[in-house]
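# Tertiary structure, described
Below, each chain spelled out in residue letters.
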Amino acid sequence: MAPASDPDTSPSIPGAETDLQPFFVLHKASPSKPAPKIRRRIDLSPKTSKGSTEECNDNLRLETFKFLWSNTESVIKDVLKNLNVNVFDEIENWVRASFDAIRVCRTLEFTGAPRMYPILDSASIAASGASKQIFTALLFTKNMEFVDDISTFADLGEHLRSHGCYVANLTSFDFSAKNGVGGCLKTLLRQFLLVGIDAPDMSILASWYTEQANSEKPLVVIIDDVERCCGSVLNDFIVMLREWVVKVPIILILGIATTVDALRNILSSNSCLYLSVCEFNLGTPAERMNAVIEAALLKSCQIFSIGKHVSTFLRNYFLRHDGTLALFVKALKIGMVQQVYAEPLSFILRKLVDEEGAKGFDGDYRLQREPAIKQALELPSLRRFTQPSATCIDWAHALRELKTLRKFWSTVVMCLYEVGKYRKITLLDICCEMLEPEPHNSNPSDHTQLAKDNLNSLHDHHSRGSLQTEGYAVWASQILRDLPAAELCKLLNRWEILTGDITEIHEKVKKLQSLTTLEDNHLKRDLKEETKRPTARKYINEQKSNKTVISEQVVTFLRSMVRKYIQPIDNVPFHEIVFFNNVDKLQTALIGDPRRRIQVDLLESSKTLKCKCCSKIAGAPLPSMHDTSIMYSLAQEHGDLINVHEWYRSFKAVVSAPPSQVKKRLRVSPSPKKRKDTNEAQNRSDALIQAEFCRAVTELQITGLLRMPSKRRPDFVQRVAFGL
């Protein structure tokens, strides 16, 4: 009997209806029994060796990706956390000051803690109404999508806990109309008391706060997204906290994405009067994006990067989604996956990061193998710089030079970004301009000379920049000319920090700094004396002239760095391994086309499953294929409408046809028992075939490829998806 009817291998219908799982097209077992296959042994040692090599390469790529992404992810988390440290410190100081103000007008009575309304003494009543309000911090996140703020509020809670505060993180789901105030209070008590409470009551929290001698620590409640909360539930929650503000000094931190008007729209006027508000602001999405780009793609020890087209796509993708950083990070992760698995030599990326390992470049046997050398010599970026008869590569020198070039490029881009800050230019915009792949204003002779220079030394790159690169350098030069002397000195100080690891650039920056320092000291020394003389105007003009000379020297230095170290990607050796620039694959992965993917998987199931018995006849349905794949392959022979009866007859003819391997066994099998079992497997009942047919039709309907028969045409089904 067919495997589909085997109760041990086929799921029952009720289980499939009640347990909803993702739909997978599974390979159908061979109609013949497995016993003869087990006894038959064929020597497949060469294929097994090849398969083990491919499996080893896949494991190596997987390890490379895990290593690279773990580094990138940790860097992104650290930079975002450090970006908010100053704001977190300000909030922590405000929490301490608010708690001290509450303790001034609070009376702790251990016996009266369970009372509904706390007792205020005369001193507390006279404290100018301080006990009547709840100290509330409004933290403006400036994000349209809350997904970027989840980790921010989690880090804020950890920061306050580390500084001796009791913290409860509540979400907008806790303030739903379905759960009411009891739901959010239950979550609050569970986080403070660390136990589950069936009947939540504020008196329980008051008793715990008094009896456990915890009154020396403030209670902080963080509500991450106020604008998504139910207004009536939030109103009742604030009224309840106000009634217990003396016995239970809870301090609120409310996350708001837009403005303070959003809080007024949610709460009633009375509830707003209960709050003593202090405002705090997080960095803008553009600032966070700049920090991520700087840490993950420029300053990190990681060598993986993105090309011009991908960076432009990610910039537009970031802006279209209202600056959602989480989607940008997701796109960066997908790009890294595709780059690592598409390039055979992608494991070099890990060697570039962990260059100082025990083996190093020369000790890695994978780089010395003939396939690795052959694949490297076939790279277009390396083929231009090596002889056609070359049979070996100095990996250590080539890859270290590649890393050095990336370091120089990143440093110059960061220097340009420091200039662009005066015009609020983002770092991603500068990266897009500096990654221009084709030089528009260069002569062919320049490229020839460049190839010759690179042949002698991969480090000696002196290509002319592209039109946009030179255009931005001109724009940056104009910004430098307009800067005052004090700002120019501050800019050089930042350049000194950025170029600390590159001696040849750092020395030139120090020389420019000395010029500005001498000029500044001379100006301060003689300004008082010269302004009292009649020639003060002439002196001021001389100072302006001196400042212009220094500015021109800084401009000349910047443009020389751009011409020397900023070059198109195509001129960088091994750029195919380092830079990911396939926009089509990235866009397909992000946006997706699930219906087309399902059609391809059904029509080419043998490629996905790597099945050899189903791929002998390309495009022709075979009995060993899955029922759904057979059905959809047969559906390609029809137009918009498919006659169910004809479709069923075609399906029956396919699944009832005996496989060629079974026929051969019938001829040579001497055992009548085996022949009898094989005949029974071929004699499939019509009821079983109809059941398989109905199940395959239902699966095609679930996947959205088929529309079931209507009352007007009960014998026809309609195809929904076309275009393959």
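Residues numbered from 1 in each chain as written. Predicted model: local features only at pLDDT ≥ 70, side-chain atom pairs only at ≥ 80, totals over all residues. Heavy atoms only, no water.

Another aspect to go through is the overall build of the protein chain. Scanning the protein chain from N- to C-terminus turns up 34 helices and 10 strands. Restricting the contact set of the protein chain to residue pairs at least 6 apart, pairs at least 24 apart contribute 77%. With an accessible surface of roughly 38,400 Å², the protein chain has 54% of that area assigned to carbon and sulfur atoms. (Helix = DSSP H or I, 4+ residues; strand = E, 2+ residues; numbered from the N terminus. Contact = heavy atoms within 4.5 Å. Areas by Shrake-Rupley, 256 points an atom, 1.4 Å probe, with all protein chains shown as cover.)

Here F318 lies in helix α13 (residues 308–320). Spatially, the C-alpha atoms of F318 and A331 are 9.8 Å apart, while their sequence positions differ by 13 residues.

Let us now look at the nonpolar core. Ranked by size, the top nonpolar core spans 96 residues in total, and within it L480, W495 and F574 carry the most contacts. If sequence neighbours within four positions are ignored, L480 has contacts with V419, L488, L491, W495, S551, V554, V555 and L558. If you look at the next biggest cluster of nonpolar residues, it comprises 66 residues, including I91, F135, F237 and M240. (Core = buried A, V, L, I, M, F, W, Y, C linked by side-chain atoms within 4.5 Å. Buried < 20%, exposed > 50% of the residue type's maximum accessible area, 1.4 Å probe, protein only.)

Another point: the pattern of salt bridges. Pairs can form between side chains of opposite charge once their charged atoms are near each other. Under the criterion given, the structure shown has 18 salt bridges. Two residues, R264 and D261, come together in a salt bridge whose shortest N-O distance is 2.6 Å. On the criterion of helical spacing, the pair formed by R264 and D261 is a turn pair, its members being three residues apart in helix α10 (residues 261–266). Judged by its relative accessible area of 41%, D261 is partly exposed. Measuring nitrogen to oxygen at the nearest pair gives 2.6 Å for the salt bridge that ties R481 to E552. Taken together, the residues R481 in helix α22 (residues 467–482) and E552 in helix α25 (residues 536–565) connect sequence positions 71 residues apart. Relative accessible area serves as the criterion here: at 32%, R481 is assigned to the partly exposed category. (Salt bridge = Lys/Arg side-chain N within 4 Å of Asp/Glu carboxyl O.)

What follows deals with helix α23 (residues 485–498). The end-to-end C-alpha separation of α23 is 20 Å, in line with the 20 Å expected for 14 residues at 1.5 Å each. The set of residues buried in α23 consists of L488, L491, L492, W495 and L498. Here the buried residues of α23 occupy an arc of 110° about the axis, which is enough to place them on one side. Among the exposed residues of α23, those pointing more than 90 degrees away from its buried face are A486 and I497. (Expected span 1.5 Å × (residues − 1). Arc of directions from axis to C-beta.)

The next subject is the pairing of strand β4 (residues 250–256). Counting buried positions over the seven residues of β4 gives seven, a clear majority of the element. Burial of β4 is two-sided: the residues I250, L252, L254 and I256 facing one way and the residues I251, I253 and G255 facing the other way are all buried. In this structure, strand β1 (residues 134–140) lies alongside β4, joined through five bridges in parallel fashion. When the bridges of β4 are listed, F140 appears paired with I256. Relative to β4, strand β3 (residues 219–223) runs parallel, the two sharing five bridges. (Pairing = 2+ DSSP bridges.)

With that settled, consider unusual backbone geometry. One non-glycine residue, L194, adopts positive backbone phi at about 60°. Within the fold, L194 resides in the loop between α7 (180–193) and α8 (202–211). For K424, which is not glycine, the phi dihedral falls at a positive 55°. Looking at the secondary structure, you find K424 in the loop between α19 (395–420) and α20 (427–434).

Let's shift gears to the pairing of strand β10 (residues 716–719). Residues V717 and R719 line the buried face of β10, whereas the alternating positions F716 and Q718 sit on a face that is not buried. Taken together, the three bridges between strand β8 (residues 641–643) and β10 define a ladder with antiparallel strand orientation. Residue L641 lies in a different strand from β10, and its bridge partner there is Q718. Two strands pair when backbone bridges link them, and strand β9 (residues 706–707) and β10 are joined in this way by two bridges, in the antiparallel orientation. By the bridge assignment for β10, R707 is matched with Q718.

Another aspect to go through is α8. α8 sits mainly inside the fold: eight of its 10 residues count as buried. Among the residues making up α8, those that are buried are M202, S203, L205, A206, S207, W208, Y209 and T210. Residues of α8 that are buried in the fold lie against α4 (85–104), β2 (166–170), α7, β3, α9 (231–243) and β4. One side-chain oxygen at the N-terminal end of α8 lies 3.2 Å from the backbone nitrogen of S203; it belongs to D201. (Polar contact = N/O pair within 3.5 Å; in protein donor to acceptor, adjacent residues only side chain to side chain.)

Turning our attention to the packing of α19 against α20. Put simply, α19 and α20 touch, their axes get as near as 10 Å, and they point 130° apart. Taken together, the axes of α19 and α20 lie oblique to each other. Our pair here, α19 against α20, has a crossing hand that is right-handed. Packed against α19, whose contacting residues are W409, V413, M414, L416 and Y417, the element α20 presents L427, I430, C431 and M434 at the interface. The residue makeup of the contact of α19 with α20, split by class, is nine nonpolar, no polar and no charged. (Axes fitted to C-alpha atoms, helices over the stretch in contact; angles between N-to-C directions. Parallel < 35°, antiparallel > 145°, perpendicular 65-115°, else oblique. Left-handed = near helix turned anticlockwise from the far one by under 90°. Nonpolar A, V, L, I, M, F, W, Y, C, P; charged D, E, K, R; others polar.)

Attention now goes to the sheet that holds β4. Sheet strands associate in pairs through backbone hydrogen bonding, adopting either a parallel or an antiparallel arrangement. Pairing is parallel across the open sheet formed by five strands, whose spatial order is β2-β3-β4-β1-β5. The open sheet terminates on both sides in strands that have one partner only, identified here as β2 and β5 (275–281). Geometrically, the sheet is characterised by an average inter-axis angle of 20° between neighbouring strands, direction not taken into account. Packed onto the sheet, α4 meets β1, β3, β4 and β5 and runs at close to 170° relative to β1. Its contacts with the sheet put α9 on β1, β2, β3, β4 and β5, and the angle it makes with β4 is roughly 155°.

Now for the packing of helix α12 (residues 285–298) against α20. To describe two helices that pack against each other, one gives the angle between their axes and the distance between the axes. Running from N to C, α12 and α20 cross one another at 45°; their axes reach a closest spacing of 8 Å. Accordingly, the angle class assigned to the pair α12 and α20 is oblique. Where α12 abuts α20, its residues N290, I293, E294 and L298 lie against L427, L428 and C431. Taken together, the residues of the contact of α12 with α20 sort by class into five nonpolar, one polar and one charged.

This model, assessed by the stated rule, comprises 10 aromatic pairs. With 6.1 Å between their ring centres and 50° between their planes, W495 and F557 make a pair best called tilted. Of this pair, W495 sits in helix α23 while F557 sits in helix α25, placing them 62 residues apart in sequence. Here W495 and F557 have matching classes, each one buried. (Phe/Tyr/Trp six-rings, centres within 6.5 Å; stacked < 30°, edge-to-face > 60°.)

Read across the sheet, three strands follow the order β8-β10-β9 without closing on themselves; strand pairing throughout is antiparallel. With partners counted over all chains shown, the strands left at the sheet margins are β8 and β9, one partner each. Here helix α31 (residues 644–656) sits on the sheet and contacts β8, β9 and β10; the angle it forms with β8, its principal contact strand, is near 65°.

Overall, the predicted model of the protein chain reaches an average pLDDT of 74, with 69% of residues at or above 70. The low-confidence segment residues 1–49 (pLDDT under 50) makes 44 contacts with residues lying over four places distant or belonging to another chain. (pLDDT = per-residue confidence, 0-100.)

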